[in-house]
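# Geometric and topological summary
Spelled out, the chains give:
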Protein chains: 2
Amino acid sequence: MNRDVQHGSSTRLDQYVDRYAARTRGMTASEIRALFSVASRPEVVSLAGGMPNISGLPLDVVGDALGDLVQEQGTVAMQYGSGQGVPELREQICSVMALEGIEAHPDDVVVTVGSQQAVDLVTRIFCDPGDVVICEAPSYVGALGVFRAYECDIVHAEMDADGLVPEALRQAIMATKAAGKTIKFLYTIPNYHNPAGVSMSPERRPEILEICREADILVLEDNPYGLLGFDREPYRALRADESEGVIYLGSFSKTFAPGFRVGWALAPHAVREKLVLAQESATLCPPQFSQMAVSAYLSRHDWQGQIKQFREMYRERRDAMVEALSDLMPAACQWNVPDGGFYVWLTLPPGIDAKLMLPRAVTARVAYVPGTAFFADGFGSSSMRLSYCYPDPDRIREGVRRLAGVLEAEMELRETFGAVTDPTGGRGLPARSDYESPSTDLT
Amino acid sequence: MNRDVQHGSSTRLDQYVDRYAARTRGMTASEIRALFSVASRPEVVSLAGGMPNISGLPLDVVGDALGDLVQEQGTVAMQYGSGQGVPELREQICSVMALEGIEAHPDDVVVTVGSQQAVDLVTRIFCDPGDVVICEAPSYVGALGVFRAYECDIVHAEMDADGLVPEALRQAIMATKAAGKTIKFLYTIPNYHNPAGVSMSPERRPEILEICREADILVLEDNPYGLLGFDREPYRALRADESEGVIYLGSFSKTFAPGFRVGWALAPHAVREKLVLAQESATLCPPQFSQMAVSAYLSRHDWQGQIKQFREMYRERRDAMVEALSDLMPAACQWNVPDGGFYVWLTLPPGIDAKLMLPRAVTARVAYVPGTAFFADGFGSSSMRLSYCYPDPDRIREGVRRLAGVLEAEMELRETFGAVTDPTGGRGLPARSDYESPSTDLT
């Protein structure tokens, strides 16, 4: 009865194909995923990933804190905990959110397995198949994946340099309602947007809230990067000015470390009860050890000083990237200069397709994420997300140099032969079933 | 705009009530949940919870291992990882499963946030609303909650002292198919069943597999307690004799510690790919630090010797419980003597309702889980689950003594007044919105 399977063979028929739930149609591997198992090779400069650079963390402090945690509270830290999360950590989370003007009670915080799980749980409790989620254009690929997995319809609304455009939001709401569809929430990343790199201006925030209030739709405010601004105090959160209509999501993945998978949702009280039930159904409880580890770190270390160091490190990398782009990229390219976070959004000269160009870029040992990954509707082919968070400044410059070379060759080809064709017939590199590379290449 | 909410008020109207997804109707707080925030007080002997007793773990070994992990591999352990899980841990998981006769490739293992999340992800990829899951009668309350949250129909099949009854399974399948419904899988806990305390006999296992094979339904084999048998070598897993038709779920929560939330699914190759996509959508990746912590523990400690110690400790507690039951409970009660795991299933004399009796038991400072929690169909009212895993033998005896007293009073009342009535009018204790107590009271 032992089976006879060739591991790694992706051509094998899936005998279960008729049994999967309808929602699995929304859970497909990205076309470009295969490429990233190549892009994770050390010789490739990856401007694709969203991994924070945590090399500056004080390993001695964290090591001592965790050793003490085991010795002193091991049987609590290694035991099951509450589905809502460790009370002391939820209090600390309220202190973190206070930096963005949020007054919250720890009772209304639900700890999640990274803020990715918070997106999942919020969607789980609100969205039936066919419900609409309004997302910025572009939007975070991991959230789009969740909305698809719950069979939601995604409607995009435009952004500009000041973030989500109020008039675009109004029109998206009107058009969706006119089509007889139910909008469950607006999903927005107001600060240092992934992937667009822009922030919602303070002037626009009350208007966005007012539009959602009038249309009676919730706001899902996803804010992993809010404390990573380079040149200013943290933006005031949308949640700071609207407590009933906003579900706020936060994370320690970028301000401390992602490996503990500790994020949270702050929700209106009634919604919080549903989120706890959903969390218990999903995992019984989030990892107690992770939560107490984060709590110990926050208690014992100058975490705000650490975030300041992170900000300076990322600002230096941002500078390296935008300088290299200015020095090296063809004049017809456009990009923004982010004032925080991890990402630059770059638009290519007319006629160049970022996804079609990717295999050539990887061959030239540089990787990025094509813009189409951040749209539910096929847009974004002439754009790409470049991240400066993980490689050091020299590698960033080298990556941009390689990218500029690929792009110039592409532009020459196009001038010589007209429209660029894909040597692999649209499939990109051959499919691989290699899941060893970090899943965050696409996040 | 700041709201004016009284925390802890459960009478407040939920203004979001019209917006929730249909699936939230399956995500309701247990009626008896409120009771457990009372039952978690130290003066109450809880025979309700499923928390393992981890006081025997070598905290010095674990503390050193985690300190070293941070010092030596901190920037890996605290970073994002693969959605499928840490490769080295997946190899170790295969060694663990080999103890139950399973030959598996690490490529087919997906690490999950406890095996609870594995139940969630498997249900997510297979079950549309209205699909049927066949469950033993009784079955694990946490799994029933997942199936309800995905709007599945649950069909129970009887067990006896040798576990799931093949003829009952056949009849459940026939009746379900005759009703035109689609069965997605059989959910079974073959070893040291939660809550029933029995194991599927080795003689029955091939027959159960054959029935499912013929009916073309998958088997979801949930096995958290398989290595915790008292008097014998581990049972051979169903998965050991059928690799394509079985998805096997395992956990380190009972053999090491639950606070890291590390479980896994072993699935046929095609299914594993879907599970990884579902995991990435749910959490991006399971906690890297937790996984490397478990891996370090397995590498550096005599984990099999530790499990032997756990087995001896739980056997002593099982003995304490069954001796106390024999000594103290009224003759009309029935219970089984488990040969492993955490639970005794006790059936009360005719006419006594375990759920109605629970408030009186808690008043008498003893708690249990009424049998109805383990059925989707209202059965089980005359039964209860008693767990011996967490309290020490003296507390177990004291808990049984209190329980016997409550039961005797209940039987007297019934003889005097006829049918027992519920002084709270069916609501149990007043509802509370206290989520501080461990969510595992019900698991």
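The shown structure was predicted, so the numbers you read here are calculated from the model rather than taken from an experiment. (Residues numbered from 1 in each chain as written. Chains lettered and ligands numbered in written order. Predicted model: local features only at pLDDT ≥ 70, side-chain atom pairs only at ≥ 80, totals over all residues. Heavy atoms only, no water.)

Bringing the pairing of strand E14 (residues 383–387) of chain B into the picture now. All names here are of chain B. Burial runs high along E14: 5 of the 5 residues are buried. Burial along E14 is two-sided: the face carrying Ser383, Arg385 and Ser387 and the face carrying Met384 and Leu386 are both buried. Where strand E11 (residues 343–347) lies against E14, 5 bridges are found, and the strand directions are antiparallel. Residue pairing for E14: tryptophan 345 is matched across the bridge by arginine 385. (Buried < 20%, exposed > 50% of the residue type's maximum accessible area, 1.4 Å probe, protein only. Helix = DSSP H or I, 4+ residues; strand = E, 2+ residues; numbered from the N terminus. Pairing = 2+ DSSP bridges.)

Look at the UniProt record and you will see "domain: Aminotransferase class I/classII large" (unreviewed entry) annotated at residues 58–403 of chain A. In this annotation, residues 58–403 of chain A is assigned 44% helix and 17% strand; the end-to-end C-alpha distance for the span is 34 Å. (UniProt positions renumbered as here; feature names shortened; annotations may be inferred.)

Okay, the interface of chain A and chain B next. At the junction of the two partners, chain A supplies 115 residues and chain B supplies 115 residues. Interface of chain A and chain B: buried area, both sides summed, is about 9,600 Å²; carbon and sulfur atoms make up 55% of it. Between the two partners, chain A and chain B, sit 4 salt bridges. Here arginine 124 of chain A and aspartate 120 of chain B are joined by a salt bridge, their closest N and O atoms 2.9 Å apart. Counting across the interface, chain A meets chain B through 36 residue pairs in polar contact (both at pLDDT 80 or more). If you list the elements that add at least two residues to the side of chain A that touches chain B, you get helix H2 (59–77), helix H3 (87–98), helix H4 (114–126), helix H5 (141–149), helix H8 (269–283) and helix H9 (288–300) of chain A. The element contributing the most residues to the side of chain A that touches chain B is H8 of chain A, with 13 residues. (Contact = heavy atoms within 4.5 Å. Buried area = accessible area lost by both parts, 1.4 Å probe. Salt bridge = Lys/Arg side-chain N within 4 Å of Asp/Glu carboxyl O. Polar contact = N/O pair within 3.5 Å; in protein donor to acceptor, adjacent residues only side chain to side chain.)

In this section: the relation of the copies chain A and chain B. Superposition of chain A onto chain B requires a rotation of 180 degrees combined with a translation of 0.0 Å along the rotation axis, giving an RMSD of 0.0 Å. When the rotation and shift are considered jointly, the pair of chain copies conforms to a two-fold rotation axis. Relative to the rotation axis, the C-alpha of glycine 67 of chain A is the closest in chain A, positioned 2.6 Å from it. Taken together, the interface assignments show that 100% of the residues at the interface of chain A recur at the interface of chain B, consistent with an identical surface on both copies. (Least-squares fit on C-alpha atoms with pLDDT ≥ 70 in both.)

Residues and elements named next belong to chain B. Looking at the element boundaries, serine 139 is found in the loop between strand E3 (132–137) and helix H5 (141–149). The exposure class of serine 139 is buried, given its relative accessible area of 0%. Excluding residues within four positions of it along the chain, serine 139 makes contact with Leu144, His156, Tyr187, His193, Asn194, Pro195 and Phe374.

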